[in-house]
Amino acid sequence: MKAETFLPEDYKPAEDEPFMNERQTEYFRKRLKDWRKELLSDGRDTIETLQDGTRNIPDVTDRASEETDRALELRTRDRQRKLVAKIDAALRRIDEGEFGYCDVTGEPISLKRLDARPIATMSLEAQELHERREKVHRDD
């Protein structure tokens, strides 16, 4: 088993250090794990709220409003569930040494992009090209 990398609290990946060195890798692993933990905690809170919130509301308008709120909450949780899967995939890429590299070009993804969206699998340029192609095909 690999020794744990020490990471100062105020550490931020910098462009002047080797790309995806041990400190950068550990920084992104920690961010992803913390994000995952937060999402799962929110999901548990939602389940508890939905279980506790089940009640019979006689007013049709109030009941419709509550059902709309519940549907919105469930839709949000579904998005977060999918996000947890992407976080798990990013953690696997870290373990496999593939994290931080574009799936399309194989080039490093900028640290700014990874810091903003640690689950990114494409460089900004590749993502923009992908979205343009997607838009063209959607308009057909």
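Criteria and cut-off values
Residues numbered from 1 in each chain as written. Predicted model: local features only at pLDDT ≥ 70, side-chain atom pairs only at ≥ 80, totals over all residues. Heavy atoms only, no water. Helix = DSSP H or I, 4+ residues; strand = E, 2+ residues; numbered from the N terminus. Areas by Shrake-Rupley, 256 points an atom, 1.4 Å probe, with all protein chains shown as cover. Lys, Arg positive; Asp, Glu negative; His and termini not counted. Charge placed at Lys NZ, Arg CZ, Asp CG, Glu CD. Buried < 20%, exposed > 50% of the residue type's maximum accessible area, 1.4 Å probe, protein only. Salt bridge = Lys/Arg side-chain N within 4 Å of Asp/Glu carboxyl O. Polar contact = N/O pair within 3.5 Å; in protein donor to acceptor, adjacent residues only side chain to side chain. Contact = heavy atoms within 4.5 Å. Phe/Tyr/Trp six-rings, centres within 6.5 Å; stacked < 30°, edge-to-face > 60°.

1. A look at the overall build of the chain
From N to C terminus, the chain includes four helices and zero strands. Reading the chain from its N end, one meets helices and strands in the order α-α-α-α. For the chain, the spread of C-alpha atoms along the three principal axes comes to 65 × 50 × 25 Å. Taken as a whole, the chain presents about 10,300 Å² of accessible surface, with 50% of it coming from carbon and sulfur. The average position of the 28 basic charges and that of the 34 acidic charges among the side chains of the chain differ by 2 Å.

2. Concerning the side chain of Arg 113
Examined against the element boundaries, Arg 113 turns out to sit in helix α3 (residues 111-116). There is no salt bridge for the buried Arg 113, and the closest opposite charge comes from Glu 131, which lies 6.4 Å off by N-O distance. There is a polar contact of 2.8 Å between the side chain of Arg 113 and the backbone oxygen of Met 122. Discounting chain neighbours no more than four positions away, the residues touching Arg 113 are Ala 120, Met 122, Ser 123, Leu 124 and Gln 127.

3. Quick word on the packing of aromatic side chains
Here the structure, examined in full by the defined rule, presents four aromatic pairs. With 5.1 Å between their ring centres and 85° between their planes, Phe 19 and Tyr 101 make a pair best called edge-to-face. Here the residue Phe 19 occupies a position in the segment before α1 (22-52), and Tyr 101 occupies one in the loop between α2 (60-96) and α3, the gap between them amounting to 82 residues. Residue classification places Phe 19 among the partly exposed residues on the basis of a relative accessible area of 26%. Overall, Tyr 101 belongs to the partly exposed group, its relative accessible area being 30%. In textbook terms, an aromatic cluster arises when at least three aromatic residues are bridged by ring pairs, as seen for Tyr 11, Tyr 27, Phe 28 and Phe 99.

4. Focus: the pattern of salt bridges
The final tally for this structure, using the stated rule, is nine salt bridges. The partner of Arg 36 in a salt bridge is Asp 88, and the shortest N-O contact between them spans 2.5 Å. Taken together, the residues Arg 36 in helix α1 and Asp 88 in helix α2 connect sequence positions 52 residues apart. With relative accessibility at 27%, the residue Arg 36 sits in the partly exposed group. Here Asp 88 falls in the partly exposed class, since its relative accessible area comes to 21%. With its nearest N and O atoms 2.5 Å apart, the salt bridge here joins Arg 81 to Asp 78. Taken together, the residues span about one helical turn, with Arg 81 and Asp 78 both in helix α2 at a distance of three residues. Here Asp 78 falls in the partly exposed class, since its relative accessible area comes to 29%. Bridged by salt links that share partners, the residues Lys 12, Arg 31 and Asp 115 form one connected network.

5. A closer look at unusual backbone geometry
A positive phi angle is found at Met 20, which is not glycine, with a value near 55°. Within the element layout of this structure, Met 20 appears in the segment before α1. Residue classification places Met 20 among the buried residues on the basis of a relative accessible area of 14%.

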